[in-house]
Amino acid sequence: MGLTRRGFVRVLGGGAVFAAATGVGLSRCDLMPAEAIEGWAGPPATETDPRRRALAFALLAPNPHNLQSWLADLRTPGEIALHIDTARMLPMTDPPGRQITIGCGCFLETLVLAAAAEGWRTEASLWSDGIDEADLGARPFARLSFSAAPAADPDGLAAQILLRRSAKVPFEAGRALESGHAAALRAVHGDGDIGLTVTSAPETVARLRDIAMQAFRIEVDTDRTYRESVELMRIGADEIAAHRDGLAMHGPFFWWLKRFGLLSVEEQMRRGSTARDTARSILDADAASTSTFAWLTTAANTREMQLRAGRDYVRLNLAATRAGVAMAPWSQVLQEYPEMAALQRTFKGVAGAADGETVQMFFRLGYAAPPPPTPRRPLDAIVRA
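Residues numbered from 1 in each chain as written. Predicted model: local features only at pLDDT ≥ 70, side-chain atom pairs only at ≥ 80, totals over all residues. Heavy atoms only, no water.

One pass over the structure, following the stated rule, counts 30 salt bridges. Note that Asp-245 and Arg-88 form a salt bridge whose closest N and O atoms lie 2.6 Å from each other. Of the two residues, Asp-245 sits in the loop between α8 (237-243) and β7 (247-249) while Arg-88 sits in the loop between β2 (79-84) and α4 (98-117), which places them 157 residues apart along the sequence. Residue class for Asp-245 comes out buried when judged on its relative accessible area of 3%. Among the ionic pairs, Arg-280 bridges to Asp-277, the shortest N-O distance being 2.7 Å. Bridged by salt links that share partners, the residues Asp-85, Arg-88, Arg-234 and Asp-245 form one connected network. (Salt bridge = Lys/Arg side-chain N within 4 Å of Asp/Glu carboxyl O. Helix = DSSP H or I, 4+ residues; strand = E, 2+ residues; numbered from the N terminus. Buried < 20%, exposed > 50% of the residue type's maximum accessible area, 1.4 Å probe, protein only.)

Written out as structure tokens, the structure reads:
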């Protein structure tokens with residue numbers, strides 16, 4: 001969740017801030033720092049360790065709030081031990097760490113696909129050392145061994161890694177997912193323990209739009225959950241370059257708003273502030289433009305199933321990229337804190353989730369121009385060698 005340029009244009013488009021932000025000489029100020037998105041070019045040719053090459057692709061995986069909550073231990077030759085980085089959690093909106101674990105599943109599957117495409121077979125064991133729920137990062141969530149094999153990308157997914165995006169933008173309004181594209185997604189959904197539902201039924205979509213908007217407002221209106229997102233906002237090229245994670249906002253609008261003091265943490269948290277009032281409605285256009293929703297459901301909610309849900313989700317995202325389909329998660333209603341509980345029960349009813357089942361991912365599908373890449377930390381920031 002985060003404030004967007006689109007949201008501020010809607011609120012401030014006729015005012016002095018807009019005029020200043022589009023003034024002469026500022027139309028290209030505060031650009032995305034090149035170093036923050038250099039990872040989207042793939043690993044450099046000088047990188048020869050197949051493990052580091054695979055990791056360089058994996059760090060581009062989708063993940064909650066772009067926290068990139070993963071670490072890779074390379075101290076055993078020919079192997080990688082992957083850990084959750086518990087310094088990068090979302091204790092207010094994801095207290096059990098379920099969504100962070102799903103993000104690590106996305107990372108794992110991207111790594112496996114990238115390694116295979118470069119001629120390396122990986123054997124992965126999940127939570128082989130057990131799970132310490134008091135410290136999820138204490139033991140690896142996966143151990144992978146590498147061995148040479150013919151290069152393989154049978155589903156064409158690895159070829160999409162550098163192009164994949166989470167399209168958090170309005171879609172082409174009224175355009176539901178084409179049946180052939182839905183079939184393309186189902187073709188790569190290979191985990192029989194995970195249910196995939198895709199719906200364009202108008203009545204169901206209308207109810208899900210409303211639920212999605214309500215969930216976002218609950219997050220914004222709850223101080224501790226809203227603050228968690230506010231503190232992860234990287235506003236301006238300097239902050240983006242310094243952190244290379246979180247919710248990046250840059251460009252003339254934000255350059256001026258920041259200098260006018262309208263984007264400080266204190267101002268954004270103040271009830272009645274322009275920033276907070278705007279945050280309640282900035283996703284409305286996204287909701288209104290969505291004609292297809294989808295979700296992943298599991299009977300068990302174990303850590304292994306959460307990882308597997310992440311692996312499945314990123315496969316769907318890569319298949320969507322290949323098909324020219326825009327795809328983005330809408331996770332607010334799945335967040336597990338008391339204020340969201342009642343709406344979450346309503347959502348599960350609409351989604352047809354049985355008692356005891358868990359909707360692991362909820363996302364929207366449609367058509368839109370691909371958004372630009374989001375920042376990623378350098379490879380060495382996640383590697384222990």
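There is more to say after this.
Those residues of helix α9 (residues 252-259) that fall on the buried side of the exposure criterion are Pro-252, Phe-253, Phe-254 and Leu-257. Of the residues trailing α9, Gly-261 is marked for its positive phi of about 80°.

Our next topic: the packing of α4 against helix α13 (residues 303-323). In the contact formed by α4 and α13, the axes pass within 6 Å of each other and the chain directions differ by 55°. By the angle between their directions, the pair α4 and α13 is classed as oblique. Where α4 crosses over α13, the two elements pack in a sense that is right-handed. Here Arg-98, Thr-101, Ile-102, Cys-104, Gly-105, Cys-106, Leu-108, Glu-109, Thr-110, Val-112 and Leu-113 of α4 come into contact with α13, specifically with Arg-303, Gln-306, Leu-307, Gly-310, Arg-311, Tyr-313, Val-314, Arg-315 and Leu-318. A per-class count over the contact of α4 with α13 returns 10 nonpolar, five polar and five charged. (Axes fitted to C-alpha atoms, helices over the stretch in contact; angles between N-to-C directions. Parallel < 35°, antiparallel > 145°, perpendicular 65-115°, else oblique. Left-handed = near helix turned anticlockwise from the far one by under 90°. Contact = heavy atoms within 4.5 Å. Nonpolar A, V, L, I, M, F, W, Y, C, P; charged D, E, K, R; others polar.)

On to the nonpolar core. Of all hydrophobic cores here, the largest spans 65 residues; its most connected members are Leu-55, Leu-82, Phe-107, Leu-111, Phe-141, Phe-363 and Leu-365. Per-element tally for this core: the top contributor is α4, with 11 residues. With residues near it in sequence (within four places) discarded, Leu-111 still touches Ala-54, Leu-55, Ala-58, Ile-80, Leu-82, Leu-144 and Phe-146. The next biggest cluster of nonpolar side chains, apart from the first, holds 20 residues, and it includes Ile-211, Ala-212, Ala-287 and Ala-353. (Core = buried A, V, L, I, M, F, W, Y, C linked by side-chain atoms within 4.5 Å.)

In this section: the sheet that holds strand β3 (residues 120-126). One open sheet accounts for five strands, arranged β3-β4-β2-β1-β11; its pairing is mixed. Strands with a single pairing partner mark the edges of an open sheet, and in this sheet they are β3 and β11 (383-384). Strand direction decides the pairing type here: β3 and strand β4 (residues 142-148), joined by seven bridges, are antiparallel. In the sheet register, Arg-121 faces β4, and the bridge partner there is Ser-147. Contacting β1 (70-73), β2, β3, β4 and β11, helix α3 (residues 50-58) crosses the sheet at an angle of about 35° to β2. (Pairing = 2+ DSSP bridges.)

Moving on: the confidence of the model for the protein chain. Counting all residues, the mean pLDDT for the protein chain is 92, and 93% of those residues have values of 70 or more. Scored below 50 in pLDDT, residues 1-25 makes 59 contacts in the model with residues more than four places away or belonging to other chains. (pLDDT = per-residue confidence, 0-100.)

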